[in-house]
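Structure at a glance
Letter by letter, the chains look like this.
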Amino acid sequence: MDIMTPRQTDILALARTQGRVLVDDLAARFNVTPQTIRKDLNELCDRRLLQRVHGGAVAGSGVENLGYEARRLIAQDEKRAIGRRAADLVPDSSSLFINIGTTTEEVARALQGRSGLVVITNNINVANLLRPEPHIEVIVAGGVVRRSDGGIVGEAAIDFFNQFMADFAVIGASAIDESGALLDFDYREVRVSQAIMANARHVILVADRSKLERTAPVRIGHISQVHTFVTDILPSDRLARICRESGVRVEELFPDRATEPEPQD
């Protein structure tokens, strides 16, 4: 099984919000049998997205991120749509930073076939996606490569980005607080992201709604430092108000989904 079902995505979001989900409660919520829910939980636990406990499952720690391959499975369709829209905001013959993340990878994928771009990145996965493109120049940061996700972090990477002034920065975040704080798990990665934001003329944040349902311990910055926020749904009225007051342009791709009925088996 390569992707999660909509019900499994919702179960994972509930677990991250509540910390724990119970089989009987989920069966009633989704109007399916407990056996169906147990199967969903077992599959999510097999992928190390949740941990089974008696009667249900619990979310992982708020101080450690999920595995990179596991994160790729979450909200895949939404991330692809976000990636395409963010790529549309970047004109040909421009320069851009792209940082570490599964959603920023989708932006890079959507940039394939474009012309005249200079892409500056600390994401080995982005570099591999764009390296074969004949009309895109790829510049990769130096530094320590994390085996877990192909991200390049450290002082050398910070110094590298401080050499440039790019037209655009495409950044992701592990979590977004309702106060507008942009959060991540690794302080080394955060310092690189801060350098990227400081050296770009236009900052594009790409994040699906699940980032509002989780937390992380290290502050990247504030959403007011972003120029455009591309997301699938922005369910938080408070965060939407902060964006309006800060002049952040919000590109909400699927606003109608916020009122859709919950999926049934």
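Attention in this report is confined to the structure presented alongside it. (Residues numbered from 1 in each chain as written. Predicted model: local features only at pLDDT ≥ 70, side-chain atom pairs only at ≥ 80, totals over all residues. Heavy atoms only, no water.)

Section: the packing of helix 5 (residues 76-88) against helix 6 (residues 102-111)
Running from amino to carboxyl end, helix 5 crosses helix 6 at an angle of 55°, the nearest separation of the two axes being 7 Å. Our classification of the angle between helix 5 and helix 6 gives oblique. The crossing of helix 5 and helix 6 is right-handed. Contact residues: helix 5 offers Lys79, Arg80, Ile82, Gly83, Arg84, Ala86 and Ala87, while helix 6 offers Thr102, Thr103, Glu106, Val107, Ala110 and Leu111. The residue makeup of the contact of helix 5 with helix 6, split by class, is six nonpolar, three polar and four charged. (Axes fitted to C-alpha atoms, helices over the stretch in contact; angles between N-to-C directions. Helix = DSSP H or I, 4+ residues; strand = E, 2+ residues; numbered from the N terminus. Parallel < 35°, antiparallel > 145°, perpendicular 65-115°, else oblique. Left-handed = near helix turned anticlockwise from the far one by under 90°. Contact = heavy atoms within 4.5 Å. Nonpolar A, V, L, I, M, F, W, Y, C, P; charged D, E, K, R; others polar.)

Overview of unusual backbone geometry
Positive phi outside glycine occurs at asparagine 31, with the angle close to 60°. The backbone of serine 93 shows a phi angle near 60°, a positive value even though the residue is not glycine. Looking at the element boundaries, serine 93 is found in the loop between helix 5 and strand 4 (95-98). For serine 93, a relative accessible area of 62% puts it in the exposed group. (Buried < 20%, exposed > 50% of the residue type's maximum accessible area, 1.4 Å probe, protein only.)

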